[in-house]
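Spelled out from the first residue to the last, the chains are:
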Amino acid sequence: MKKLVYTLFLSLVLSTLFAQTYQDNWQSLNQRKIPAWFQQDKFGIFIHWGLYAVPSYAPVIPNSGYSYAEWYWYRLQEKQKDFLAFHNKNYGEDFAYQQFEPMFKAEMFDPAQWADVFKRSGAKYVVLTSKHHEGYCLWNNAEADRDWGRPWNAVTGTPHRDLLGDLTNAVRNEGLKMGYYYSLYEWFNPLWQTDKKKFVSEHMIPQFKDLVTKYKPSIIFSDGEWELSDTAWQSTRLLAWLFNDSPVKDEVVINDRWGSNTRGKNTGCTYTTSEYGSGMNADVVWEESQGIGHSYGYNRNEQLDDYKSSHDLILMLCDIVSRGGNLLLDIGPTADGRIPVIMQQRLIDMGDWLTLYGDAIYGTQAYNQSYQWSNGIKPGKKDKSYMAGYSIAKMTAPKKDSAFVECFFTKKGNNLYCILPFYQSKFTLKNLKLPASAKATIPGAKNTCSWKQKGNDVELDLSAITANDISKQGIFAIRIANAL
């Protein structure tokens, strides 16, 4: 018995001695690598929900931040003409943004139904706006009410409900990971406007710790960092607490938005963000976020053609994963707590596709080339992480006068996956030599496909495959086992 106690004591001492302790600087923090689950899961759901869901308005301007409905309050203050005209016409010049709070009732909110949709979408994690730049919290937070001088969270405010907590429980009950978007700053918080240093130390830091300690997120999407440097935000100190002492120190994944000087840096411990951008490549850990339309928050001004089709969303996922990234696809619920049906339909279509071809997405890595191009001149690409005007749907459309993307590649172990944007009875994989043991199959197809080596190329015979054998979206994956 004494020997057993001694052994356990020794193990505890050794584990304490060799446990990594992260210091209050980026050099130390970057020794903490991003937990592996993030790059394996590939697909998450973003949710922008707050008081801005009441007016739910923005002008529809493609490839523009002015299309963000969640920026409604800020646009009013800067007197942007479209927002101001809409507001004055429908609410009146004297109607203050704070008066939207009693209208944010969430009376139709059914977290179990939301979580069921997310599960059926094929997403593996969910990121909810715990608080956007307006400062309104979706959980019961004392700092919010104190520094705004009014009920400024969903529990003490009109919903009288822990919206964040209820959704967190429902999402986890479906087996998905739960995380939160958190804005470091708040546009019009009285404390922020009068004493930014005090705001950081007495509002932001304790509020952030309250969120993490109570709800234990698997992922934190920080934002609103651009007003101050990481030093002024005390970011490295806060992250040292997160990685050393918080209840999620081993699992939590964080993005790169921790100061005006941090985006695209500190790639050891943070992933890089792209927002309606052209994305990155597999040499960094990255995630692209977009709404199904032009806005993150629900925008009643958007029409059917402003929403991406299910087909185009699936292409987006394939494109991003082929380049080693993750897709964080946003939905904007209504003020009464519903996910718009068109958004539900898009998510379910993606889930149906992933049910067939998820093996080509989840847990994969980027191949040594992301695409196969047709012959011709390749179109140029703007390497921008914000509003790049990038469309993979246009890049996969066949053209006579320029090159287009013929297929995407991913890999897992010794298997190669080729994802084709549309059906062809024969398809040639260029500059690929397969071993004789390689076998090509299409998940869910009744018939098989054969292949032949023709010099440096592989010719796939898909003629036995019919339209009934592939996804109704027309996009399908070919798994070549033992290819690598």
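Residues numbered from 1 in each chain as written. Predicted model: local features only at pLDDT ≥ 70, side-chain atom pairs only at ≥ 80, totals over all residues. Heavy atoms only, no water.

**Some remarks on helix α8 (residues 163-173)**
Phase 1: For α8, the full list of buried residues reads L163, L164, G165, L167, T168, A170 and V171.
Phase 2: For α8, the secondary structure elements touched by its buried residues are β1 (43-47), α6 (111-121), β2 (125-131), β3 (177-183) and α10 (196-215).
Phase 3: Two residues or fewer after α8 comes G175, characterised by a positive phi angle close to 85°. (Buried < 20%, exposed > 50% of the residue type's maximum accessible area, 1.4 Å probe, protein only. Helix = DSSP H or I, 4+ residues; strand = E, 2+ residues; numbered from the N terminus. Contact = heavy atoms within 4.5 Å.)

**A short note on the environment of W226**
Phase 1: Structurally, W226 is set in the loop between β4 (219-223) and α11 (230-233).
Phase 2: With 199 residues separating them in the primary sequence, W226 and Q27 have C-alpha atoms 21 Å apart.
Phase 3: Among residues more than four places away in sequence, those in contact with W226 are W71, H133, Y185, S260 and R263.

**Concerning unusual backbone geometry**
Most peptide bonds take the trans configuration, and most residues that are not glycine carry a negative phi.
Phase 1: Positive phi outside glycine occurs at N63, with the angle close to 60°.
Phase 2: Mapped onto the secondary structure, N63 falls in the loop between β1 and α4 (72-77).
Phase 3: On the basis of relative accessible area, N63 is assigned to the partly exposed category, the value being 40%.
Phase 4: In this structure, N266 is a non-glycine residue whose phi angle is positive, near 55°.
Phase 5: Looking at where N266 falls in the secondary structure, it is placed in the loop between β5 (253-255) and β6 (270-275).

**Digging into the sheet that holds strand β8 (residues 326-331)**
Phase 1: Spatially, β1-β2-β3-β4-β5-β6-β7-β8 is the arrangement adopted by the 8 strands of the closed barrel, whose pairing is parallel. Here the strands of the sheet are splayed against their neighbours by 25° on average, with no regard to which way each runs.
Phase 2: When β5 meets β6, the two strands line up parallel, connected through 2 bridges. Across the sheet, N255 pairs through a bridge with Y271, a residue of β6.
Phase 3: Of the strands in this sheet, β1, β2 and β8 are in contact with α6, which crosses β1 at around 150°.
Phase 4: Lying over the sheet, α10 contacts β2, β3 and β4, oriented at roughly 170° with respect to β3. (Pairing = 2+ DSSP bridges. Axes fitted to C-alpha atoms, helices over the stretch in contact; angles between N-to-C directions.)

**Re helix α14 (residues 341-357)**
An α-helical turn contains 3.6 residues, so a residue and the one three or four places further along point in the same direction.
Phase 1: Between its terminal C-alpha atoms α14 stretches 24 Å, which fits the 24 Å expected from 17 residues at 1.5 Å a residue.
Phase 2: Along α14, the residues that are buried comprise M343, Q344, R346, L347, I348, D349, M350, G351, W353, L354 and Y357.
Phase 3: Buried residues belonging to α14 abut β1, α6, α13 (310-322), β8, β11 (415-420) and β16 (476-481). (Expected span 1.5 Å × (residues − 1).)

**Quick word on the pattern of salt bridges**
Phase 1: Counted by the stated rule, this structure contains 21 salt bridges.
Phase 2: The partner of K249 in a salt bridge is D250, with the nearest N and O atoms 3.6 Å apart.
Phase 3: The network of salt bridges with common partners includes D223, E225, R257, R263 and E275. (Salt bridge = Lys/Arg side-chain N within 4 Å of Asp/Glu carboxyl O.)

**Concerning the nonpolar core**
Phase 1: Residues F118 and L242 are the most contacted members of the largest nonpolar core, which totals 160 residues.
Phase 2: Contact partners of L242, with chain neighbours within four places excluded, come to F208, V212, I220, V248, K249, V252 and I254. (Core = buried A, V, L, I, M, F, W, Y, C linked by side-chain atoms within 4.5 Å.)

**What about the packing of α6 against α8?**
Phase 1: At their nearest, the axes of α6 and α8 sit 8 Å apart, and the two run at 45° to each other. By the angle between their axes, α6 is oblique relative to α8. The handedness of the crossing between α6 and α8 is right-handed. Residue-level inspection shows P111, A112, W114, A115 and F118 of α6 in contact with α8, the latter providing D166, L167, A170 and V171.
Phase 2: A class-by-class count of the residues in the contact of α6 with α8 yields 8 nonpolar, no polar and 1 charged. (Parallel < 35°, antiparallel > 145°, perpendicular 65-115°, else oblique. Left-handed = near helix turned anticlockwise from the far one by under 90°. Nonpolar A, V, L, I, M, F, W, Y, C, P; charged D, E, K, R; others polar.)

**As for the confidence of the model for the protein chain**
Phase 1: Residues with a pLDDT of 70 or more make up 96% of the protein chain, whose mean pLDDT is 95.
Phase 2: Every residue in residues 10-18 scores below 50 in pLDDT, and together they form 0 contacts with partners more than four places removed in sequence or on other chains. (pLDDT = per-residue confidence, 0-100.)

**Topic: the pairing of β2**
Phase 1: For β2, the tally of buried residues reaches 7 of 7 residues, placing the bulk of the element in the interior.
Phase 2: In the sheet, β1 pairs with β2 via 4 bridges, with the strands oriented parallel. What sits directly across from I47, in β2, is L128.

**Re the packing of α13 against α14**
Phase 1: As a packed pair, α13 and α14 sit with axes 9 Å apart at the nearest point and diverge in direction by 55°. Comparing the axis directions of α13 and α14 gives the class oblique. For α13 against α14, the interelement crossing comes out right-handed. Along its contact with α13, which presents S310, L313, I314, L317 and C318, the element α14 presents Q345, R346, D349, M350, W353 and L354.
Phase 2: Here the contact of α13 with α14 is built from residues that sort into 7 nonpolar, 2 polar and 2 charged.

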